[in-house]
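Each chain, written out:
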Amino acid sequence: MKAKTAGSESPFAYEGLDRVIHERARLSILTSLISNLKGLTFGDLKQLCALTDGNLSRHLSVLEKSKMIEIAKGHDHNRPQTICRITAFGRKRYLEYLSTLEQVVRDAAKITEVEPRLGLVRKLTPRET
């Protein structure tokens, strides 16, 4: 998905803001998984994303149905263990989503340059990490 097309009649529609990803908890989960390619345990995700068991389970289910993550259940020292990994498809969609978010920031920055008196957003620039 493209963030925006040149000459588009709706330049601020941001079709790339995928509703599956755009929810805060799912964005947190995918960000955690994309930075841990071997995957993370359910417990690690729960802690990293500050979610309850039930809430994490529900969001993982949505992401799995969307084929953005895969879930493997197994055992570690006779204890059940759930490992979650981002799929290649999930990685692609996540990166497209980030590209769209970057476009949102660029558009907002342009508005503040053209109309600084609006005072809505002051000196908005993308942050380097």
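Keep in mind that this is a model prediction, so the values were computed, not measured.

Chemist: Tell me about the pattern of salt bridges, and please be specific about residues and values.
Modeler: Under the defined criterion, the tally for this structure stands at three salt bridges. The shortest N-O distance in the salt bridge between Lys46 and Asp53 comes to 2.8 Å. A salt bridge links Lys92 to Glu96; the nearest nitrogen and oxygen atoms lie 2.8 Å apart. One end of the pair is Lys92 and the other is Glu96, both in helix 5 (residues 88-114) and four residues apart, which spans about a single turn. On the basis of relative accessible area, Glu96 is assigned to the partly exposed category, the value being 22%.

Chemist: So what's going on with the sheet that holds strand 3 (residues 79-86)? Which residues, and what values?
Modeler: Strand order in the open sheet made by the three strands is 1-3-2, with antiparallel pairing throughout. Only two strands of the sheet have a single neighbouring strand rather than two, namely strand 1 (40-41) and strand 2 (69-76). Pairing analysis gives eight bridges linking strand 2 to strand 3, with the strands arranged antiparallel. The residue of strand 3 that forms the bridge with His75 is Pro80. Seen against the sheet, helix 4 (residues 53-65) touches strand 2 and strand 3 and runs at an angle of roughly 125° to strand 2.

Cut-offs applied
Residues numbered from 1 in each chain as written. Predicted model: local features only at pLDDT ≥ 70, side-chain atom pairs only at ≥ 80, totals over all residues. Heavy atoms only, no water. Salt bridge = Lys/Arg side-chain N within 4 Å of Asp/Glu carboxyl O. Helix = DSSP H or I, 4+ residues; strand = E, 2+ residues; numbered from the N terminus. Buried < 20%, exposed > 50% of the residue type's maximum accessible area, 1.4 Å probe, protein only. Pairing = 2+ DSSP bridges. Contact = heavy atoms within 4.5 Å. Axes fitted to C-alpha atoms, helices over the stretch in contact; angles between N-to-C directions.

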